[in-house]
Amino acid sequence: MHSTSAPAFTVTTSKQRTSQDERDKVLANPGFGLHFTDHMVVIDWSVEQGWHDARVQPYGPLTLDPASSVLHYAQEIFEGLKAYRHADGSVWGFRPTSNAARMQRSAKRLALPELPEAEFLESIKQLVMVDHEWVPSAPETSLYLRPFTIANERFLGVRAAQRAAYYVIASPAGAYFPKGVAPVSIWVSEQYTRAARGGTGAAKCGGNYSASLMPQQEASQNGCSQVLFLDAEEGKYLEELGGMNVFLVRKDGSLLTPSLTGSILEGVTRDSIITLARARGHVVQERKITLDEWREGFASGEITEAFACGTAAVVTPICCLKGEKFKIGDEEAPAGELTLSLRKELTDIQYGRAPDVHGWLQRLA
Ligand code: COI
């Protein structure tokens, strides 16, 4: 290994980089979350020193003390964003400052240190610079970046850790769902909830996702790709899916999505879709939506389309909704027209095929 210095970051490159052949094989069919690049970012934090030792180093296992707080009390947060290769070979991040800001909000809620926005952006740039060959160029592919912070203090008392570390790993990515843009079925969890008032629902913390896994298994057992959670208080209102936000489209062209009540993740894709739809003149209502409104509207034809959205899922059409005692829609139903056209508009911006009028892209390499 040899070391060079970049502004504030030490870069130690791997001596065992993946060969071009092997990398090309991965990039030809990356799947989601299966393959990782040759490097990672690490920045340490302690109460005494604050953030320090920012570095890019070869990708590899972490050494953690078994008493580290993250292993016991799940003091952990993460982010998800993508880098896109444009036709001229350049690489761009989509709204990375929104992820930086959300990570700070998540950190506050989980009593973890907040990484300054400039450090977050620099960390992404540093990793993409050293691993730029891992950014795929095939249609619908990108490099998924996964920043995360863990509490790694060796202490079993239940209090905010005094030591933590921030990491970024990167994974070439194709479609999140195995069938790509094909419409998915959704299972409504009527027994389990994701987040309660005052809980951690708006934070991107691992605990929210581990709590969704058992209901997600139930969804799979019922032939569905994702679980939909309802509010914890009344079990009546739509919240979000296991790992993505949800939108409904009415026959008058207006869009509905659950309002951000504190228990729902403030999705960057969610916000982008709202902006794009409003710019086209569609009414977008962020409000409480009951499950009954969806079921009845779906059955009567008042609700014509539904879709899930998130960084990983992009925009994925929903064809049917199932619960213990009902099934609405049809697995074979085609994707909605507005769903597909909003998806196209968003991805055209991300891949540089349409002008970035909202100033959402930042060049990374
Ligand atoms: C994302 O879309 O980035 C997510 O966080 C969803 C999931 C892969 C955790």
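Quantities reported herein were computed from a predicted structural model and do not represent experimental measurements.

### A word on empty space enclosed by the protein
Applying the stated criterion across every chain, the model contains two cavities of 30 Å³ or more. By volume, the largest cavity is sized at about 90 Å³. Taken together, 13 residues form the lining of the largest cavity, with Tyr84, Phe94, Thr269, Thr311 and Gln350 sitting closest to its centre. Of all the elements in the fold, those that place two or more residues in the lining of the largest cavity are β6 (81–85), α6 (268–279) and α8 (337–350). Across the lining of the largest cavity, the residue classes break down as six nonpolar, six polar and one charged. Domain assignment of the residues forming the lining of the largest cavity places at least three in each of domain 1 (10–173) and domain 2 (184–350). The space that makes up the second largest cavity amounts to roughly 30 Å³.

### Let's talk about the environment of phenylalanine 120
Its location among the elements puts phenylalanine 120 in helix α4 (residues 117–130). For the pair phenylalanine 120 and tryptophan 360, spaced 240 residues apart in sequence, the C-alpha to C-alpha distance is 16 Å. Beyond its immediate sequence surroundings of up to four residues, phenylalanine 120 is in contact with Glu79, Leu81, Pro96, Asn99, Ala100, Met103, Leu115, Pro147 and Tyr166.

### Concerning a nonpolar patch on the surface
Together, Tyr73, Leu156 and Val158 make up an exposed nonpolar region whose accessible area comes to about 320 Å². Checked against the element boundaries, tyrosine 73 lands in helix α2 (residues 69–73). Under the relative-accessibility criterion, tyrosine 73 is labelled partly exposed at 38%.

### A few points about the pairing of strand β9 (residues 163–173)
Taking burial as the measure, the eleven residues of β9 include ten buried ones, the bulk of the element. Summarising the sheet, strand β3 (residues 39–46) and β9 pair through six bridges and their orientation is antiparallel. Within β9, the residue paired with tryptophan 45 across the bridge is alanine 164.

### Examining unusual backbone geometry
The phi angle at alanine 111 is positive, at roughly 55°, despite the residue not being glycine. Exposure remark for alanine 111: the relative accessible area of 40% places this residue in the partly exposed category. The phi angle at glutamate 140 is positive, at roughly 70°, despite the residue not being glycine. With respect to the helices, strands and loops of the structure, glutamate 140 is situated in the loop between α4 and β8 (142–151). When its relative accessible area of 38% is taken as the criterion, glutamate 140 is described as partly exposed.

### Points about the domain arrangement of the chain
Domain annotation of the chain identifies domain 1 (10–173) and domain 2 (184–350). Measuring from the centre of the C-alpha atoms in domain 1 to the corresponding centre in domain 2 gives 27 Å. Between domain 1 and domain 2, the contact holds 21 residues from the first and 21 residues from the second. With both sides pooled, the region where domain 1 packs onto domain 2 buries about 1,800 Å², and carbon together with sulfur makes up 54% of that total. When residues of domain 1 are sorted by the area they lose upon contact with domain 2, Phe78, Phe94 and Arg102 head the list and together hold 32% of the total. Where domain 1 meets domain 2, there are three salt bridges. With its nearest N and O atoms 3.1 Å apart, the salt bridge here joins glutamate 140 to arginine 343.

What counts and what doesn't
- Residues numbered from 1 in each chain as written.
- Predicted model: local features only at pLDDT ≥ 70, side-chain atom pairs only at ≥ 80, totals over all residues.
- Heavy atoms only, no water.
- 1 Å grid on protein atoms, 1.4 Å probe; cavity = no way out; pocket = protein on both sides within 12 Å on 5 of 7 lines; lining within 4 Å.
- Points joined across faces, edges and corners; volume = space filled by probe spheres on them.
- Helix = DSSP H or I, 4+ residues; strand = E, 2+ residues; numbered from the N terminus.
- Nonpolar A, V, L, I, M, F, W, Y, C, P; charged D, E, K, R; others polar.
- Domains from an automatic or database assignment.
- Contact = heavy atoms within 4.5 Å.
- Patch = residues over 30% accessible without salt bridge, like charges linked within 9 Å, V, L, I, M, F, W, Y side chains within 5 Å.
- Areas by Shrake-Rupley, 256 points an atom, 1.4 Å probe, with all protein chains shown as cover.
- Salt bridge = Lys/Arg side-chain N within 4 Å of Asp/Glu carboxyl O.
- Buried < 20%, exposed > 50% of the residue type's maximum accessible area, 1.4 Å probe, protein only.
- Pairing = 2+ DSSP bridges.
- Buried area = accessible area lost by both parts, 1.4 Å probe.

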